[in-house]
Structure formats: structure tokens, C-alpha cells
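Chain and residue survey
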Amino acid sequence: MARKMLIDGDLSKPNEEEAHYDFDLFVVGAGSGGVRAARFSANMGAKVAICELPFHPISSEVIGGVGGTCVIRGCVPKKILVYGASFGSEIQDAKNYGWEVNDKVDFNWKKLLQKKTDEIVRLNGIYKRLLSNAGVKLFEGEGKLVGPNEVELTQLDGTKLSYSAKHILIATGGRAQRPGIPGEELGITSDEALSLEELPKRAVVLGGGYIAVEFASIWRGMGASVDLFFRKELPLRGFDDEMRAVVARNLEARGIDLHPRTNLTELIKTEDGIKVITDHCEELIADVVLFATGRAPNSKRLNLEAVGVELDPTGAVKVDEYSRTNVPSIWAVGDVTNRANLTPVALMEGTCFAKTVFGGEPSKPDYRDIPCAVFSIPPLSVVGLSEEQAVEQANGDLLVFTSSFNPMKNTVSGRQEKSVMKLVVDAETDKVLGASMCGPDSPEIMQGIAIALKCGATKAQFDSTVGIHPSAAEEFVTMRSVTRRVSASGKPKTNL
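As a starting point, this report considers the structure included with it.

A few points about helix α13 (residues 442-454)
Helix length check: α13, at 13 residues, gives a terminal C-alpha distance of 18 Å against a target of 18 Å (1.5 Å per residue), a fit within 8%. Along α13, the residues classified as buried are Ser442, Pro443, Ile445, Met446, Ile449, Ala450 and Leu453. Where α13 is buried, its residues contact β16 (372-374), β17 (380-384), β20 (432-438) and α14 (459-463). Once α13 finishes, Gly456 follows within two positions and takes phi at roughly 80°, a positive value.

Description of the pairing of strand β1 (residues 23-28)
Counting buried residues along β1, six of its six residues qualify, which places the element largely inside the surrounding structure. Of the pairings in the sheet, the one linking β1 to strand β2 (residues 48-52) comprises four bridges and is parallel in character. Within the sheet, the bridge partner assigned to Leu25 lies in β2 and is Val48. Regarding the hand of the β-α-β motif, the stretch spanning β1, helix α2 (residues 32-43) and β2 is right-handed.

Concerning the sheet that holds strand β8 (residues 225-229)
One open sheet holds the four strands; their spatial order is β9-β8-β7-β13, and the pairing between them is parallel. The two strands at the open ends of the sheet, each matched to only one other strand, are β9 (257-259) and β13 (288-291). Taking the axes of each pair of neighbouring strands and ignoring which way they run, one obtains an average angle of 15° across the sheet. By the bridge criterion, five bridges tie strand β7 (residues 202-206) to β8 in an arrangement that is parallel. When the sheet's bridge partners are listed, Arg202 is paired in β8 with Ser225. The sheet contacts of helix α7 (residues 210-221) involve β7, β8 and β13, and relative to β8 the element is tilted by about 165°.

How each quantity is defined
- Residues numbered from 1 in each chain as written.
- Predicted model: local features only at pLDDT ≥ 70, side-chain atom pairs only at ≥ 80, totals over all residues.
- Heavy atoms only, no water.
- Helix = DSSP H or I, 4+ residues; strand = E, 2+ residues; numbered from the N terminus.
- Expected span 1.5 Å × (residues − 1).
- Buried < 20%, exposed > 50% of the residue type's maximum accessible area, 1.4 Å probe, protein only.
- Contact = heavy atoms within 4.5 Å.
- Pairing = 2+ DSSP bridges.
- Right-handed = clockwise from strand over helix to strand, strands pointing away.
- Axes fitted to C-alpha atoms, helices over the stretch in contact; angles between N-to-C directions.

In C-alpha cells:
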């Protein structure tokens, strides 16, 4: 049947060139973005194939799995471990709620690890069924491009197959990076951290991003001593500075030792563990050293440059606003493009790709007001602009509203840990430009706030909304007093 495609215009009948290809679309990489694009394209009538490396919880250049990083070695297993780590403090808090809990509560790491593995195996199967039900042909093996319309597939037994496709979509995601210091082979990345056979008693984490903060919270919540090293004054560079300070206070209050403006220079294997040496000539011993020092686009083995696809200096595939590369038949979505590296963003990009190429509906991904969360304990969640970003972009003054309070649950449990909420508002238009919260359930709350910001909500509309009582979320509609007015004239930039 004839289809409407962006590069073809309106087709009234199949042409000879189209009939030549084995598939309308061949997707390389079956993570979140690739699977979404494949399924939606197939539902729009395209003949679709997708390839992915064989499944294993720990990735390598020849290991992957349908579902990709998020499902197998990212968001999902991480969140399971966060849940597991959170029970430790919950059990302690339960005492003041009348629960008679023994002082010694055992934690079985291997049991949680097996439950985590069972869940990602289940999800891997679900993703395969989603592809099958959509009529997508799944190949297990490594795909690389050998032409603008040709993919070479190396199967598990080493044999090679070649398939032609009218469109090729690259959706191979990203890979964790190591810092390139002596002894780096003694450290691990987030891949291995999710599958450790033994729970460490002494953990060192290098990095200040969300992965570093989350694993520090996980291991501390499970009883390990944790030292967190990062280059800036505060962790979570790029987030609102005020909220970064809140997260740092919470990490320290829960027993994590922070080492700001500090890097690791060498790891040495000893009988007692791994000796960690810093650029301040400090030394300590750890059972595990986690490198959470960033991720890089997974593009090295795709043969892209030989085909003429342009990459940026980091190896990211360069695309236009429709996710199209400089080679008209080749497209890319997700972390391999290094735009906004979040699973829901890859899903959005995959959806827009399918609409553009096979749905007759050219669609650009919209990167405004993307909500996100850091699953520290307690979590941080944000949407829209930070105060620093708002000052940088503003033409006029800003109004900042904040609320810091002890959650109702803590008043009985006795836990001294405040929740903090923040709204950044354009003083002239009253439009809410950004929202953030650090505290229990903040990601659940922020998803609803994100809808309001996407709709262009004003502070007056927040104020006119009836709150749910008693809840933490109602604070977002009861912040009446301006904490401070910020002039945009100076446009200060943070260096924290």
C-alpha cells in the first residue's frame, strides 16, 4: 500500500525504487527510543526490522538486550534498589508510629539482587512481545551501516547478513565512561554496580551527577559507609543551586561523606581493598569504587563515518530538528544524539520520527519544560528553568517563592529532614518558569506540576487552585509570600 513519507511527499502509488528495499525501516538498537519508533512505524503500515545485541545485565560492545539501558541497566533496576535502600530509614521511622522493631534488622542483598534480575528479565520479554505484536521483525546480533540504505547484521554465530531499507534509524544509546586514571580497571561503572555479587561495606563514588548521587544514597541506605567525590562545590551541576545545596545537606545528614572540589588520581589494589588516592593527597580504602563520570554516545562500531554520517566531537550523531542526519535516509534518536538524555525524551523522539516519516505528520520533538528527577533519598525533582537559567534568559525581574518545612510524617517519626519547594515566576507576565522540590514523593508531585507549566500556567492560577490537605503537594498552591525579587540586569552565572 502507498504511504505518506516526509521525503517522498504524497505517494499515490508504489514506485519501483520503494519496492526494491527489504524493509521500509531498519532500526539499529532496541532500547526505549528504538522500540517506540519501530512499533509506531509498524502500526502506521511500515515494514520494520530492528536489531539488538544479546541480553545481559552488564553491557559491553557485544552485549546489550531488548529494552536497552533504562530497562536492563538503568532507570528500572536503579529504582528497585532505591526502593530497597529506602526501607532502612522507614523501619527506623516506624518505631515512633508504634511498631516494635528490633534494633538489629538484617538485609539480604542477594535476595534483592535476584528480584531485580527477575524483573528486568520479565521486562525484556515484554519488550520483545511488544515488537512481535506490532509485526516488527527482531534480529539478535550486531548491526552496522555499510551504505545509506544497507545494514550488515553479524549474528551470534558470526555469520553476516545484509538487509536494505528505505530508512535507517540509529538508536544505540550511550555507554558509561571511565576517567582514565591509573588503576581504573579496579573501579566499576553503573552497569556493574547494579549487579554486584556482594554488597560493599566501604564505597567510594566519583562524580557529581545524578547517577553518583543515586548510588551514594543506595549504598548508604543499605548500611555501607560512602564517600562521594566531585569536582564542583556542590553535586548536581546544572540543577538549581539552591536545590543542589538542599540535596547536599540531606546526603550529609544521612551519613554520606562529601568531598567537594576533589578528584581521584589513582587506584591501587591492596590486601585490605582498593586504595584510593585523591588530588589532595588523601588516601582511603574501599571495597568498591564507582566511576559515575558521564556517559558517551554509543556510536563507535556503527561504521557511520564511512557511510558519511556526521558526528560531533563526543561521537554523538548530528541530527536536525526532525532527528534526521546529513544523509537523508539515515535518522537517529535517543542518547546517541546527546540532546536531552532521558528515557521519556527518547520515547518522544521515536514517536515524532514515526509521525514524520510514516504518518504524514512532520513532528519536531519539543524540549521545553521537560521534567526530571534525581532518585536520591529523598529525591529531587524539577521542571522548567532553574533560578540561574531564568536569570540568564529573563528580560525583566523574577519572583522566587520558596517553602521549607518538616513533612507531617517526620513530626511523629522525629526525622530531622526538611522538604523544600520552589517556584520561579516572571514578574511581568506572572508565568511560572520553573518548579523544583526536594522531598518524599517529589517526582510523583512534579509530574502534575509539569502539565501546568506545559500549559503556560501563571502564579495566580497556582494560587487559585484548591490544595489537597494534608499533603506536601498543597504547598505548591499556598506559597503566597515572595521570598525574593531577582533583577535580571546583572545576569550572574553560577560557578558552584
